[in-house]
Every structure is written in C-alpha cells, then in structure tokens.
Amino acid sequence: MLLHSDGHTVSQFAAGEVCPNGNCFVHLGGSTYLLHIETFSKKLCATPATAVRGTTPDASVVVDFADRSIFDRFGPGVWHELLLPDGMCCWHDVHGKPHIAVSIFDPRTDKLRSGQVIQFGLDTSGEAGAISAHVEAVYTTPNAPRTTHPLVAKVCVCVCVCV
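Residues numbered from 1 in each chain as written. Predicted model: local features only at pLDDT ≥ 70, side-chain atom pairs only at ≥ 80, totals over all residues. Heavy atoms only, no water.

**Observations concerning the packing of aromatic side chains**
Reasoning step 1: Taken as a whole and judged by the stated rule, the model has one aromatic pair.
Reasoning step 2: Each ring, one from Phe65 and one from Phe120, has its centre 6.0 Å from the other, and the planes form 80 degrees; the classification is edge-to-face. Placement of Phe65 in the loop between β6 (60-64) and β7 (84-92) and of Phe120 in strand β9 (residues 115-123) is noted, with a sequence separation of 55 residues between them. (Phe/Tyr/Trp six-rings, centres within 6.5 Å; stacked < 30°, edge-to-face > 60°. Helix = DSSP H or I, 4+ residues; strand = E, 2+ residues; numbered from the N terminus.)

**As for the pairing of strand β3 (residues 20-28)**
Reasoning step 1: Here β3 pairs with strand β4 (residues 31-38) via seven bridges, running antiparallel. Looking at the pairing, Phe25 lines up with Leu34 of β4.
Reasoning step 2: Here β3 folds back onto β4, and the loop between the two strands holds two residues, one of which, Gly29, carries a positive phi near 60 degrees. (Pairing = 2+ DSSP bridges.)

**Some words on the nonpolar core**
Reasoning step 1: Core analysis: the largest hydrophobic core is formed by 22 residues, its most contacted members being Leu35, Leu44 and Phe65.
Reasoning step 2: Of all the elements in the fold, those that place two or more residues in this core are β3, β4, β5 (43-48), β6, β8 (98-105) and β9.
Reasoning step 3: Every residue in contact with Phe65, bar those within four places of it in the chain, is listed here: Lys42, Leu44, Ile70, Phe71, Trp79, Pro85, Val102, Ile104, Ile118 and Phe120. (Core = buried A, V, L, I, M, F, W, Y, C linked by side-chain atoms within 4.5 Å. Buried < 20%, exposed > 50% of the residue type's maximum accessible area, 1.4 Å probe, protein only. Contact = heavy atoms within 4.5 Å.)

No statement about biological role is implied by the geometric values presented.
Quick look at the structure:
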C-alpha cells in the first residue's frame, strides 16, 4: 500500500504478494518507480509510482533470482534453488544513476556458508524503456549466510555497501 502526499489516499501495489521485501523508490528515465522484492517468487519488480490512485498498476520483472546465471559471478557451486532475495537498499550515484544492493537469504542449515549481496546498476535500455538491471559487484559475508538487509554508507569520500 502507498499513502499519497495528501495523507488520505492509498494505492495498492503488488496485490497478492505473500512476502514483499526491500521496497524503495528510484527515479529513472524521467519516471519514478517502486522497486520491490517478492521473496518467495524470487522476483524483483518495478511498479510505476505514477499509477492512477485506487488502481493496481502492472509490475514488470526487473530481476528473476530463479535464474541461476545471476549467481555465476559468485563462482561454481554457490547457486541453490533455496536461495531467496531478501532485503534491498537503493541509491543514486553522483551522476544520478540508480543502483541497488540485494541480500540473498540462505535458509539451509546443513553447514555454514557465506552470504551474498548482489549490486545492480539500473537503466532503461530494455524493450520499450523497461527497467533493466546488470550485475556491478558481488559481496560475500564469510560464515554468515543469512544477510538480510544491506546498507549504503558514505565513509569519508567513498560510498560503501555494508552487509
């Protein structure tokens, strides 16, 4: 649900989702979008924030985390069908380009593994101006498989993704 600036009007986004996570707004290509993760469907979706009040806008899939090729950058043997996208943070760089970092939750308990966070750059180079994402960086948290929410922090003059 989104409460509009008038303080009274509410729009429903992402109807029917069971476990929405990591919501944030980004401005891209002259439009504002609500990015949201539906954890159990393993999808990161974008919904136009300019939807008509009282309607449920169509969401487009930006990243499908069931696609194991996303995990190829982690090395062999990292991907598993139980891995779930969890928390997300977003920011714009000094040029106004949006980026996101998505935590990957690993519910397996058979042995201690490293956690993963994937950083994506976003643009509108897809079909008909659709948002597309490309992997920019991969972060691991040794012996901490359950990263849940990344944080972006400016330290001195650099921007760091903290997991």
